[in-house]
Amino acid sequence: CRFSESPRTETKMTIGLKSWRFSQPILEKCKVLFAGPHFQSAIPMTSRLIESRGLLEQIEIVHAPTDQDIRDKASCAHVAIPFMQRFGADFFSPELTPKLRLVVQFGVGLEGVDIGAASENGIAVSNVPGSMSGNAEATSEHAVFLLTSMLRHLNDLPRRFSEKCLGGLPVPRSIYGKRVTVVGFGAVGSVLCKYLVTMGAHVTAVRRNKWDDINDDNLDSQTLNSIERAQSLEEALPGADAVILACALTPETYQIVNESAISLLPRHAVIINVGRGPLVSYSAISDALNTGYLSGYASDVGIGDTPEPFDPNDNLAKHPNVIFTPHVGGITDYSHNKMAEIILDSIESVIGGKQPSIWVNRPGV
(Lines give C-alpha, C1' and ligand atoms only; values in the text may rest on other atoms or scores of the structure.)
Protein backbone atom coordinates (compact mmCIF):
# COMPACT_ATOMS: atom_id res chain seq x y z
CA CYS A 1 0.00 0.00 0.00
CA ARG A 2 2.89 2.33 -0.73
CA PHE A 3 2.81 5.19 -3.19
CA SER A 4 3.58 4.28 -6.76
CA GLU A 5 3.33 7.92 -7.70
CA SER A 6 2.99 11.31 -6.05
CA PRO A 7 -0.31 11.72 -4.18
CA ARG A 8 -3.01 13.77 -5.81
CA THR A 9 -5.03 16.17 -3.75
CA GLU A 10 -7.58 17.40 -6.28
CA THR A 11 -11.19 16.33 -5.88
CA LYS A 12 -13.21 15.04 -8.83
CA MET A 13 -15.87 17.71 -9.12
CA THR A 14 -18.39 15.80 -11.26
CA ILE A 15 -19.20 13.11 -8.70
CA GLY A 16 -22.68 13.54 -7.26
CA LEU A 17 -23.65 13.04 -3.63
CA LYS A 18 -25.39 9.75 -4.41
CA SER A 19 -22.20 8.46 -6.06
CA TRP A 20 -20.18 8.65 -2.84
CA ARG A 21 -20.07 5.21 -1.31
CA PHE A 22 -21.10 6.43 2.13
CA SER A 23 -24.52 7.36 0.73
CA GLN A 24 -25.45 3.68 0.99
CA PRO A 25 -25.94 2.56 4.64
CA ILE A 26 -23.75 -0.28 5.85
CA LEU A 27 -26.07 -3.23 6.45
CA GLU A 28 -23.44 -5.55 7.90
CA LYS A 29 -21.00 -5.17 10.77
CA CYS A 30 -18.74 -2.19 9.97
CA LYS A 31 -15.10 -3.24 9.75
CA VAL A 32 -12.62 -0.51 10.73
CA LEU A 33 -9.10 -1.20 9.50
CA PHE A 34 -6.32 0.15 11.73
CA ALA A 35 -3.31 0.15 9.40
CA GLY A 36 0.34 -0.24 10.33
CA PRO A 37 2.38 -1.01 13.45
CA HIS A 38 2.47 2.47 14.97
CA PHE A 39 0.29 4.37 17.46
CA GLN A 40 -1.30 1.17 18.75
CA SER A 41 -2.54 2.95 21.88
CA ALA A 42 -5.38 4.22 19.69
CA ILE A 43 -6.82 0.72 19.34
CA PRO A 44 -7.75 -0.01 22.98
CA MET A 45 -8.87 3.59 23.42
CA THR A 46 -11.24 3.33 20.45
CA SER A 47 -12.37 -0.14 21.55
CA ARG A 48 -13.36 1.17 24.97
CA LEU A 49 -15.30 4.00 23.38
CA ILE A 50 -17.12 1.61 21.03
CA GLU A 51 -18.13 -0.48 24.04
CA SER A 52 -19.22 2.55 26.08
CA ARG A 53 -21.49 3.67 23.23
CA GLY A 54 -23.04 0.23 22.93
CA LEU A 55 -21.72 -0.31 19.41
CA LEU A 56 -20.02 -3.69 19.77
CA GLU A 57 -22.63 -5.33 17.54
CA GLN A 58 -22.18 -2.69 14.84
CA ILE A 59 -18.42 -2.01 14.69
CA GLU A 60 -15.43 -4.34 14.61
CA ILE A 61 -11.79 -3.20 14.72
CA VAL A 62 -9.44 -5.06 12.37
CA HIS A 63 -5.72 -4.50 13.00
CA ALA A 64 -3.37 -4.86 10.02
CA PRO A 65 0.18 -4.13 11.24
CA THR A 66 2.08 -4.95 8.01
CA ASP A 67 1.67 -4.01 4.35
CA GLN A 68 0.75 -7.60 3.56
CA ASP A 69 -1.82 -7.65 6.35
CA ILE A 70 -3.33 -4.48 4.92
CA ARG A 71 -3.65 -6.02 1.48
CA ASP A 72 -5.08 -9.25 2.90
CA LYS A 73 -7.69 -7.48 5.05
CA ALA A 74 -8.49 -4.41 2.95
CA SER A 75 -11.29 -6.09 1.00
CA CYS A 76 -13.49 -6.35 4.09
CA ALA A 77 -12.87 -2.80 5.34
CA HIS A 78 -15.60 -0.17 5.34
CA VAL A 79 -13.40 2.38 7.10
CA ALA A 80 -9.59 2.64 7.09
CA ILE A 81 -7.34 4.56 9.47
CA PRO A 82 -3.87 5.04 7.91
CA PHE A 83 -1.75 6.42 10.76
CA MET A 84 1.74 6.51 9.15
CA GLN A 85 0.90 4.11 6.29
CA ARG A 86 0.74 5.48 2.78
CA PHE A 87 -2.50 4.88 0.94
CA GLY A 88 -1.64 5.27 -2.74
CA ALA A 89 -3.88 5.00 -5.78
CA ASP A 90 -3.65 1.21 -5.74
CA PHE A 91 -5.19 1.10 -2.27
CA PHE A 92 -8.37 2.75 -3.54
CA SER A 93 -8.92 0.39 -6.48
CA PRO A 94 -12.31 -1.37 -6.43
CA GLU A 95 -10.47 -4.69 -6.56
CA LEU A 96 -8.56 -4.06 -3.32
CA THR A 97 -11.11 -2.05 -1.30
CA PRO A 98 -14.57 -2.74 -2.76
CA LYS A 99 -16.43 -1.89 0.46
CA LEU A 100 -14.41 1.11 1.59
CA ARG A 101 -16.51 4.19 2.38
CA LEU A 102 -14.20 6.34 4.48
CA VAL A 103 -10.53 6.98 5.18
CA VAL A 104 -10.15 8.90 8.42
CA GLN A 105 -6.86 9.93 9.95
CA PHE A 106 -6.37 9.56 13.68
CA GLY A 107 -5.01 13.08 13.74
CA VAL A 108 -4.33 15.83 11.24
CA GLY A 109 -1.82 14.74 8.59
CA LEU A 110 -3.12 13.39 5.29
CA GLU A 111 0.02 13.79 3.17
CA GLY A 112 0.29 9.99 2.87
CA VAL A 113 -3.21 9.62 1.41
CA ASP A 114 -3.87 9.93 -2.32
CA ILE A 115 -6.96 12.09 -1.90
CA GLY A 116 -7.49 12.41 -5.65
CA ALA A 117 -7.67 8.63 -6.08
CA ALA A 118 -10.02 8.35 -3.11
CA SER A 119 -12.35 10.93 -4.65
CA GLU A 120 -12.35 9.22 -8.04
CA ASN A 121 -13.53 6.04 -6.33
CA GLY A 122 -16.23 7.75 -4.27
CA ILE A 123 -14.39 7.34 -0.97
CA ALA A 124 -14.64 10.16 1.56
CA VAL A 125 -11.50 11.34 3.36
CA SER A 126 -11.59 12.81 6.84
CA ASN A 127 -9.25 13.87 9.63
CA VAL A 128 -9.36 15.51 13.05
CA PRO A 129 -8.24 19.16 12.99
CA GLY A 130 -5.83 19.97 15.80
CA SER A 131 -8.04 22.77 17.09
CA MET A 132 -10.84 20.29 17.84
CA SER A 133 -9.00 17.51 19.64
CA GLY A 134 -6.41 18.93 22.00
CA ASN A 135 -3.75 17.94 19.47
CA ALA A 136 -2.65 21.56 19.07
CA GLU A 137 -2.19 21.97 22.80
CA ALA A 138 -0.38 18.64 23.15
CA THR A 139 1.97 19.35 20.25
CA SER A 140 2.67 22.85 21.58
CA GLU A 141 3.50 21.43 25.00
CA HIS A 142 5.92 19.01 23.36
CA ALA A 143 7.54 21.80 21.37
CA VAL A 144 8.14 23.70 24.60
CA PHE A 145 9.57 20.51 26.14
CA LEU A 146 11.98 20.06 23.23
CA LEU A 147 12.99 23.72 23.35
CA THR A 148 13.60 23.54 27.09
CA SER A 149 15.57 20.31 26.65
CA MET A 150 17.85 21.98 24.13
CA LEU A 151 18.38 25.15 26.13
CA ARG A 152 19.03 23.22 29.34
CA HIS A 153 21.34 20.62 27.75
CA LEU A 154 19.16 17.65 28.67
CA ASN A 155 21.50 15.14 27.00
CA ASP A 156 24.38 16.22 29.26
CA LEU A 157 22.54 16.17 32.58
CA PRO A 158 22.88 12.39 33.21
CA ARG A 159 26.68 12.77 32.88
CA ARG A 160 26.74 15.56 35.43
CA PHE A 161 24.58 13.54 37.79
CA SER A 162 26.72 10.41 37.46
CA GLU A 163 29.85 12.46 38.13
CA LYS A 164 28.19 14.02 41.20
CA CYS A 165 28.65 17.43 39.61
CA LEU A 166 26.22 20.02 40.93
CA GLY A 167 25.41 22.74 38.42
CA GLY A 168 28.17 22.30 35.89
CA LEU A 169 28.90 23.68 32.46
CA PRO A 170 27.60 24.72 30.02
CA VAL A 171 25.13 26.91 31.90
CA PRO A 172 21.47 26.16 31.09
CA ARG A 173 19.61 28.81 29.14
CA SER A 174 16.11 30.08 29.87
CA ILE A 175 13.17 30.53 27.52
CA TYR A 176 12.45 33.78 29.35
CA GLY A 177 13.78 36.69 27.30
CA LYS A 178 14.76 34.56 24.31
CA ARG A 179 13.87 35.48 20.76
CA VAL A 180 11.86 32.62 19.32
CA THR A 181 10.63 32.37 15.73
CA VAL A 182 7.58 30.15 15.21
CA VAL A 183 7.06 29.04 11.61
CA GLY A 184 3.37 28.46 11.03
CA PHE A 185 0.41 30.10 12.71
CA GLY A 186 -2.27 27.46 12.34
CA ALA A 187 -3.79 25.38 15.12
CA VAL A 188 -0.41 24.41 16.62
CA GLY A 189 1.52 27.59 15.87
CA SER A 190 -1.05 29.93 17.41
CA VAL A 191 -1.28 27.91 20.64
CA LEU A 192 2.51 27.62 20.79
CA CYS A 193 2.91 31.38 20.46
CA LYS A 194 0.50 31.83 23.37
CA TYR A 195 2.53 29.46 25.55
CA LEU A 196 5.84 31.11 24.67
CA VAL A 197 4.54 34.63 25.25
CA THR A 198 3.27 33.52 28.65
CA MET A 199 6.76 32.20 29.44
CA GLY A 200 8.33 35.56 28.66
CA ALA A 201 9.82 34.86 25.23
CA HIS A 202 9.97 37.48 22.48
CA VAL A 203 8.05 35.72 19.74
CA THR A 204 8.02 36.29 15.99
CA ALA A 205 5.54 34.25 13.99
CA VAL A 206 5.73 33.53 10.27
CA ARG A 207 2.48 32.98 8.39
CA ARG A 208 2.09 32.06 4.73
CA ASN A 209 -1.14 34.02 4.30
CA LYS A 210 -1.59 37.68 4.99
CA TRP A 211 -1.99 38.58 8.63
CA ASP A 212 -5.02 40.75 8.00
CA ASP A 213 -6.84 37.65 6.70
CA ILE A 214 -7.10 36.18 10.21
CA ASN A 215 -10.73 35.97 11.27
CA ASP A 216 -10.72 33.02 13.69
CA ASP A 217 -12.69 33.91 16.81
CA ASN A 218 -10.75 31.28 18.74
CA LEU A 219 -7.46 33.17 18.40
CA ASP A 220 -6.28 34.99 21.48
CA SER A 221 -6.16 38.72 20.70
CA GLN A 222 -3.67 39.28 23.50
CA THR A 223 -1.28 36.78 21.90
CA LEU A 224 -1.73 38.41 18.49
CA ASN A 225 -0.87 41.78 19.98
CA SER A 226 2.16 40.37 21.82
CA ILE A 227 4.02 38.85 18.86
CA GLU A 228 5.91 40.21 15.91
CA ARG A 229 4.23 39.19 12.67
CA ALA A 230 6.45 38.25 9.74
CA GLN A 231 5.42 37.36 6.19
CA SER A 232 8.60 35.52 5.24
CA LEU A 233 11.09 33.25 6.93
CA GLU A 234 13.99 35.42 5.80
CA GLU A 235 12.82 38.40 7.83
CA ALA A 236 12.15 36.28 10.94
CA LEU A 237 15.47 34.43 11.25
CA PRO A 238 18.11 37.11 11.94
CA GLY A 239 18.57 37.44 15.68
CA ALA A 240 16.47 34.37 16.59
CA ASP A 241 17.78 32.27 19.47
CA ALA A 242 15.42 29.45 18.50
CA VAL A 243 13.28 28.45 15.53
CA ILE A 244 10.27 26.16 15.97
CA LEU A 245 8.75 24.58 12.87
CA ALA A 246 5.00 24.10 13.29
CA CYS A 247 3.83 24.34 9.69
CA ALA A 248 2.47 21.87 7.16
CA LEU A 249 4.65 20.18 4.56
CA THR A 250 3.86 21.56 1.10
CA PRO A 251 5.94 22.01 -2.05
CA GLU A 252 6.61 25.56 -0.85
CA THR A 253 7.80 24.51 2.64
CA TYR A 254 9.93 21.55 1.55
CA GLN A 255 13.40 22.05 3.08
CA ILE A 256 12.69 25.63 4.09
CA VAL A 257 15.41 25.14 6.67
CA ASN A 258 18.49 24.74 4.50
CA GLU A 259 22.02 26.13 4.41
CA SER A 260 20.81 29.54 3.30
CA ALA A 261 18.22 29.77 6.08
CA ILE A 262 20.64 28.60 8.77
CA SER A 263 23.19 31.20 7.67
CA LEU A 264 20.69 33.92 8.60
CA LEU A 265 20.59 32.72 12.21
CA PRO A 266 23.06 33.87 14.85
CA ARG A 267 25.58 31.30 16.06
CA HIS A 268 24.37 28.85 18.71
CA ALA A 269 20.68 29.01 17.79
CA VAL A 270 18.57 25.87 18.19
CA ILE A 271 15.98 24.43 15.78
CA ILE A 272 12.91 22.53 16.93
CA ASN A 273 10.73 20.54 14.51
CA VAL A 274 7.19 19.46 15.36
CA GLY A 275 5.97 19.84 11.76
CA ARG A 276 7.38 17.28 9.34
CA GLY A 277 10.89 15.94 8.71
CA PRO A 278 11.23 17.15 5.11
CA LEU A 279 10.83 20.75 6.25
CA VAL A 280 14.52 20.47 7.11
CA SER A 281 17.59 19.59 5.07
CA TYR A 282 19.50 16.74 6.71
CA SER A 283 22.86 17.82 5.34
CA ALA A 284 22.38 21.46 6.33
CA ILE A 285 21.55 20.56 9.94
CA SER A 286 24.33 18.00 10.16
CA ASP A 287 26.96 20.40 8.81
CA ALA A 288 25.83 23.25 11.07
CA LEU A 289 25.92 21.03 14.15
CA ASN A 290 29.32 19.53 13.34
CA THR A 291 30.88 22.96 12.82
CA GLY A 292 29.29 24.26 16.04
CA TYR A 293 27.29 26.93 14.23
CA LEU A 294 24.02 25.47 15.52
CA SER A 295 23.70 24.68 19.21
CA GLY A 296 21.15 21.91 18.75
CA TYR A 297 18.35 20.25 16.80
CA ALA A 298 15.35 18.54 18.38
CA SER A 299 12.60 16.86 16.42
CA ASP A 300 9.48 14.80 16.99
CA VAL A 301 9.13 14.05 13.28
CA GLY A 302 12.57 12.97 12.09
CA ILE A 303 14.55 14.95 9.56
CA GLY A 304 14.94 15.19 5.81
CA ASP A 305 13.41 12.75 3.35
CA THR A 306 13.97 9.62 5.43
CA PRO A 307 10.55 8.21 6.34
CA GLU A 308 9.69 7.86 10.00
CA PRO A 309 10.58 6.14 12.23
CA PHE A 310 14.03 7.71 11.96
CA ASP A 311 17.00 5.34 12.24
CA PRO A 312 18.29 5.39 15.85
CA ASN A 313 21.70 4.27 14.56
CA ASP A 314 22.07 7.25 12.23
CA ASN A 315 25.04 9.45 13.10
CA LEU A 316 22.76 12.42 13.65
CA ALA A 317 20.67 10.48 16.15
CA LYS A 318 23.83 9.89 18.18
CA HIS A 319 24.96 13.52 18.13
CA PRO A 320 25.23 14.93 21.66
CA ASN A 321 23.28 18.06 20.69
CA VAL A 322 20.39 16.28 19.00
CA ILE A 323 17.16 14.91 20.45
CA PHE A 324 14.68 12.77 18.53
CA THR A 325 11.34 11.72 19.99
CA PRO A 326 9.05 9.11 18.38
CA HIS A 327 6.23 11.29 17.01
CA VAL A 328 4.54 11.60 20.40
CA GLY A 329 3.92 15.35 20.34
CA GLY A 330 0.20 15.17 19.69
CA ILE A 331 -0.42 12.10 21.83
CA THR A 332 -1.81 12.60 25.31
CA ASP A 333 -4.60 10.97 27.26
CA TYR A 334 -6.88 13.91 26.49
CA SER A 335 -6.07 14.34 22.80
CA HIS A 336 -6.24 10.65 21.91
CA ASN A 337 -9.58 10.20 23.64
CA LYS A 338 -10.97 13.30 21.95
CA MET A 339 -9.75 12.13 18.53
CA ALA A 340 -11.36 8.73 19.08
CA GLU A 341 -14.68 10.43 19.89
CA ILE A 342 -14.61 12.55 16.72
CA ILE A 343 -13.57 9.61 14.53
CA LEU A 344 -16.29 7.41 15.97
CA ASP A 345 -18.85 10.13 15.22
CA SER A 346 -17.80 10.01 11.55
CA ILE A 347 -17.92 6.21 11.50
CA GLU A 348 -21.46 6.22 12.92
CA SER A 349 -22.51 8.74 10.26
CA VAL A 350 -21.14 6.55 7.47
CA ILE A 351 -22.82 3.45 8.91
CA GLY A 352 -26.13 5.30 8.61
CA GLY A 353 -25.51 6.44 5.03
CA LYS A 354 -24.65 10.01 6.00
CA GLN A 355 -21.61 12.10 5.16
CA PRO A 356 -18.87 12.42 7.79
CA SER A 357 -18.96 15.64 9.78
CA ILE A 358 -15.40 16.42 8.67
CA TRP A 359 -15.18 15.76 4.92
CA VAL A 360 -11.84 16.85 3.48
CA ASN A 361 -12.53 15.93 -0.15
CA ARG A 362 -16.06 17.28 -0.23
CA PRO A 363 -16.72 18.60 -3.77
CA GLY A 364 -16.11 22.32 -3.99
CA VAL A 365 -13.82 22.47 -0.96
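Residues numbered from 1 in each chain as written. Predicted model: local features only at pLDDT ≥ 70, side-chain atom pairs only at ≥ 80, totals over all residues. Heavy atoms only, no water.

A count of helical and extended segments in the chain gives twelve helices and twelve strands. For 365 residues, the compact-globule estimate of 2.2 N^0.38 gives 21 Å, and the C-alpha radius of gyration of the chain, at 22 Å, lies within 12% of that figure. The principal-axis extents of the C-alpha atoms in the chain amount to approximately 65 × 50 × 40 Å. Across the 365 residues that make up the chain, the buried fraction comes to 50%. Pairs at least 24 apart in sequence give 71% of the contacts found in the chain among residues at least 6 apart. Counting every atom, the chain has about 17100 Å² of accessible surface; 52% of that belongs to carbon and sulfur. Of note, the chain has its 32 positive side-chain charges centred 2 Å away from the centre of its 39 negative side-chain charges. (Helix = DSSP H or I, 4+ residues; strand = E, 2+ residues; numbered from the N terminus. Rg over C-alpha atoms; globule rule 2.2 N^0.38 Å. Buried < 20%, exposed > 50% of the residue type's maximum accessible area, 1.4 Å probe, protein only. Contact = heavy atoms within 4.5 Å. Areas by Shrake-Rupley, 256 points an atom, 1.4 Å probe, with all protein chains shown as cover. Lys, Arg positive; Asp, Glu negative; His and termini not counted. Charge placed at Lys NZ, Arg CZ, Asp CG, Glu CD.)

Attention now moves to the packing of helix H5 (residues 135–151) against helix H7 (residues 187–198). Between two packed helices, the angle of one axis relative to the other and the distance separating the axes together describe the packing. Where H5 contacts H7, the axes come no closer than 8 Å and their chain directions differ by 50 degrees. Here H7 runs oblique to H5, going by the angle between their axes. Considering the relative orientation of H5 and H7, their crossing is right-handed. Each of Asn-135, Ala-136, Glu-137, Thr-139, Ser-140, Glu-141, Ala-143, Val-144 and Leu-147 in H5 lies in contact with H7, whose residues at this interface are Ala-187, Val-188, Val-191, Leu-192, Tyr-195 and Leu-196. Broken down by class, the residue content of the contact of H5 with H7 amounts to ten nonpolar, three polar and two charged. (Axes fitted to C-alpha atoms, helices over the stretch in contact; angles between N-to-C directions. Parallel < 35°, antiparallel > 145°, perpendicular 65-115°, else oblique. Left-handed = near helix turned anticlockwise from the far one by under 90°. Nonpolar A, V, L, I, M, F, W, Y, C, P; charged D, E, K, R; others polar.)

Below, the discussion takes up the confidence of the model for the chain. Per-residue confidence for the chain gives a mean pLDDT of 91; residues scoring 70 or more make up 93%. In this model, residues 1–14 is a region of pLDDT below 50 whose contacts with residues beyond four sequence positions or in other chains number 43 contacts. (pLDDT = per-residue confidence, 0-100.)

Right, let's get into the nonpolar core. Core analysis: the biggest nonpolar cluster contains 31 residues, and Cys-30, Val-32, Ile-59, Ile-81, Phe-106 and Ile-347 have the highest contact counts within it. At the level of elements, strand E1 (30–35), helix H1 (42–52), strand E3 (79–81), strand E4 (102–104) and helix H12 (333–351) are the ones that each hand at least two residues to this core. Top element by residues in this core is H12. It accounts for eight residues. Residues within four places of Val-32 in sequence aside, it is in contact with Ile-59, Glu-60, Ile-61, Val-62, Val-79, Ile-81 and Ile-347. (Core = buried A, V, L, I, M, F, W, Y, C linked by side-chain atoms within 4.5 Å.)

Now for the pairing of E1. By the criterion of burial, E1 is predominantly enclosed, with five of the six residues buried. For E1 and strand E2 (residues 59–64), the ladder comprises six bridges, and the chain directions are parallel. Paired with Cys-30 across the bridge in E2 is Ile-59. One crossover worth recording links E1 to the parallel E2 by way of H1, and it is right-handed. (Pairing = 2+ DSSP bridges. Right-handed = clockwise from strand over helix to strand, strands pointing away.)

Looking now at the sheet that holds strand E9 (residues 242–245). One open sheet accounts for seven strands, arranged E8-E7-E6-E9-E10-E11-E12; its pairing is parallel. For this open sheet the edge positions go to strand E8 (228–230) and strand E12 (322–324), each flanked by a neighbour on one side alone. With strand direction ignored, the average angle separating the axes of adjacent strands in the sheet is 15 degrees. Along the sheet, H7 contacts strand E6 (179–183), strand E7 (202–206) and E9; its crossing angle with E6, the most-contacted strand, is approximately 170 degrees. Seen against the sheet, helix H11 (residues 282–290) touches strand E10 (269–273), strand E11 (294–299) and E12 and runs at an angle of roughly 140 degrees to E11.

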